[in-house]
Amino acid sequence: MELDTIAIVGPTASGKTRRAVSLARLFNGEILSADSRQVYRGMTIGTGKDLNEYEEIPYHLIDIMPAGSKYNLYQYLKDFNQALAFVKNKGKLPIICGGTGMYIENALNGIKLPDVPENKVLRDSLSGKSLQELENILKTYKSLHNITDVDTVKRAIRAIEIEDYYRNNPDVAVHARKDSAIPLRSLVIGIDLPRDVRRSRITQRLRSRLEEGMVSEVRSLLDSGIPAEDLIYYGLEYKFVTLYIIGKLSYEDMFTSLETAIHQFAKRQMTWFRGMEKRGTKINWLPWELSDDDFCNEVRKLISDF
């Protein structure tokens with residue numbers, strides 16, 4: 001069976017980009033990023049784009065949005081499918097690389113989301129309801145596998161609006177459902193590293209990013225006119241460094257809080273990937289410490305057995 005794509009997944013600081021580049025060289029590929037923050041221009045150090053690692057390998061879905069804007073799953077899947085077709089039409093192998101599990105899982109499953117318009121009548125009917133009430137309403141439309149749809153009232157209302165649109169427009173929404181979408185023929189490789197190694201690498205990388213000028217990067221974004229609340233919205237590095245710059249945190253508190261938040265983020269990433277496996281995605285976990293040659297040889301074996 002011919003592969004549509006290879007996907008390299010894993011938590012932050014696991015060295016995914018280097019592995020993806022090695023495979024792109026071996027298999028005449030190009031890289032499709034699956035990172036929810038690397039899409040923003042000017043947010044380079046904090047998002048760990050590591051653009052120097054790509055060298056001659058073309059990459060896509062990085063630096064495609066202005067900093068300060070909001071990007072979502074609908075936009076990503078639209079951009080992803082365009083990039084996927086572009087790379088395949090060149091006769092190259094698309095190699096997905098990233099840690100945003102929601103983007104990766106939906107892309108691999110072939111999900112294509114319709115552009116759901118705002119339903120003012122429905123929104124007015126939901127106005128004033130509590131988060132618990134909205135969650136109960138959403139449960140009448142679908143089973144809730146995670147809490148991301150209902151972590152705020154605004155998200156819950158939008159989730160209900162989307163599900164109501166799907167219910168009333170089944171022909172338009174057919175590819176938005178996993179059971180009716182056409183999944184990609186994908187070999188998924190996970191970078192497996194022990195928890196203590198992951199924690200050490202996260203702390204080391206955070207120190208390196210600060211030395212590389214992460215504070216100056218965030219300050220330049222603020223100086224360009226992007227409101228502090230917009231950067232705080234992006235979370236992690238941009239949240240805590242912004243809070244430091246505007247005087248809400250000391251440097252020491254910023255570092256400690258950010259380090260803790262990144263550790264928690266990596267844990268959530270792994271929870272998502274384990275969930276993907278339970279939902280039917282086979283992830284082939286390879287040890288993080290393999291040399292590039294050994295890693296590529298292991299992937300060759302997996303492809304031959306695919």
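Residues numbered from 1 in each chain as written. Predicted model: local features only at pLDDT ≥ 70, side-chain atom pairs only at ≥ 80, totals over all residues. Heavy atoms only, no water.

Turning our attention to the packing of aromatic side chains. Within this structure, the stated rule accounts for seven aromatic pairs. For the ring pair Tyr244 and Tyr251, a centre distance of 5.5 Å and an interplane angle of 85° mean the geometry is edge-to-face. Owing to a relative accessible area of 26%, Tyr244 belongs among the partly exposed residues under this scheme. Using a relative accessible area of 35% as the deciding quantity, one classes Tyr251 as partly exposed. Through successive ring pairs, a cluster of aromatic residues spans Tyr71, Tyr76, Phe80 and Tyr103. One cation-aromatic arrangement involves Lys70 over Tyr233; the distance from NZ or CZ to the ring centre is 4.5 Å. Between the NZ or CZ atom of Arg274 and the centre of the ring of Trp285, over which it lies, the distance is 4.8 Å. (Phe/Tyr/Trp six-rings, centres within 6.5 Å; stacked < 30°, edge-to-face > 60°. Buried < 20%, exposed > 50% of the residue type's maximum accessible area, 1.4 Å probe, protein only. Lys NZ or Arg CZ within 6 Å of the ring centre and 35° of its normal.)

Turning next to the pairing of strand E7 (residues 186-192). Most of E7 is tucked away: six of the seven residues are buried. Both E7 and strand E8 (residues 283-287) contribute to a ladder of five bridges, which runs parallel. Counted as the bridge partner of Asp192 is Pro287 from E8. (Helix = DSSP H or I, 4+ residues; strand = E, 2+ residues; numbered from the N terminus. Pairing = 2+ DSSP bridges.)

In this structure, Gly42 sits in the loop between strand E3 (40-41) and strand E4 (59-60). Under the relative-accessibility criterion, Gly42 is labelled partly exposed at 38%. Sequence separation between Gly42 and Leu221 is 179 residues, and the spatial gap between their C-alpha atoms is 7.3 Å. The contacts of Gly42, once residues within four sequence positions are left out, are Lys49, Asp63, Glu217 and Leu221. (Contact = heavy atoms within 4.5 Å.)

This next bit is on the packing of helix H10 (residues 236-245) against helix H11 (residues 251-278). One can describe the packing of H10 onto H11 by two numbers: an axis separation of 9 Å at closest approach and a directional angle of 165°. Compared by their axis directions, H10 and H11 come out roughly antiparallel. Considering only the axes of H10 and H11, their crossing is right-handed. For the pair H10 and H11, the contacting residues are Leu236, Glu237, Phe240, Val241 and Tyr244 in the first and Tyr251, Met254, Ser257, Leu258, Ala261, Ile262 and Phe265 in the second. (Axes fitted to C-alpha atoms, helices over the stretch in contact; angles between N-to-C directions. Parallel < 35°, antiparallel > 145°, perpendicular 65-115°, else oblique. Left-handed = near helix turned anticlockwise from the far one by under 90°.)

Compared with the 16 Å implied by 1.5 Å per residue over 12 residues, the 16 Å span of helix H1 (residues 16-27) between its first and last C-alpha is a close match. Buried within H1 are the following residues: Lys16, Thr17, Arg19, Ala20, Val21, Ser22, Leu23 and Ala24. Of the surrounding secondary structure, the elements contacted by the buried residues of H1 are strand E1 (5-9), strand E2 (29-33), strand E6 (93-98), E7, E8 and helix H12 (292-304). Immediately beyond the C-terminal end of H1, within one or two residues, lies Asn28, with a positive phi of roughly 55°. (Expected span 1.5 Å × (residues − 1).)

Most of H10 sits inside the fold, with seven of its 10 residues counted as buried. Every buried residue belonging to H10 is among Leu236, Glu237, Tyr238, Phe240, Val241, Thr242 and Leu243, and all of these are buried.

Bringing the pattern of salt bridges into the picture now. Enumeration according to the criterion identifies 20 salt bridges in this entry. Here Glu135 and Lys139 are joined by a salt bridge, their closest N and O atoms 3.6 Å apart. Linking Glu135 with Lys139, this pair stays in helix H5 (residues 131-139), spanning four residues, or about one helical turn. Residue class for Lys139 comes out partly exposed when judged on its relative accessible area of 46%. One salt bridge connects Glu161 with Arg158, and the closest N-O pair in it is separated by 2.6 Å. Of this pair, Glu161 and Arg158 are both found in helix H6 (residues 153-168), three residues apart, which corresponds to roughly one turn of the helix. Its relative accessible area of 2% is what places Glu161 among the buried residues. Each of Asp4, Lys88 and Arg185 takes part in one network of salt bridges that share partners. (Salt bridge = Lys/Arg side-chain N within 4 Å of Asp/Glu carboxyl O.)

Now for the pairing of E2. Counted residue by residue, E2 has five buried out of five residues, so it is predominantly covered. Residues Gly29, Ile31 and Ser33 line one face of E2 and the alternating positions Glu30 and Leu32 line the opposite face, and both faces are buried. Of the pairings in the sheet, the one linking E2 to E6 comprises five bridges and is parallel in character. Paired with Gly29 across the strands is Leu93, a residue of E6. By the bridge criterion, two bridges tie E2 to E4 in an arrangement that is parallel.

Where strands meet in a sheet, backbone hydrogen bonds hold them as pairs that are either parallel or antiparallel. Here we have six strands laid out as an open sheet, ordered E4-E2-E6-E1-E7-E8, and parallel in their pairing. The open sheet has two free edges, formed respectively by E4 and E8, since each of these has just one partner strand. In the packing of helix H2 (residues 73-89) onto the sheet, the strands contacted are E2, E4 and E6, and the crossing angle to E2 comes to about 175°.

Attention now goes to the nonpolar core. If you look at the biggest cluster of nonpolar residues, it comprises 57 residues, and the most contacted ones within it are Tyr76, Phe80, Ile104, Leu231, Leu258 and Phe273. Among the elements that make up this core, the one with the highest residue count is H11 (nine residues). Beyond its immediate chain neighbours, meaning those up to four positions away, Leu231 contacts Val218, Leu221, Leu222, Ile226, Tyr238, Lys239 and Thr242. Counting residues in each nonpolar core, the second largest holds 21 residues, with Ile57, Ile189, Cys296 and Val299 among its members. (Core = buried A, V, L, I, M, F, W, Y, C linked by side-chain atoms within 4.5 Å.)

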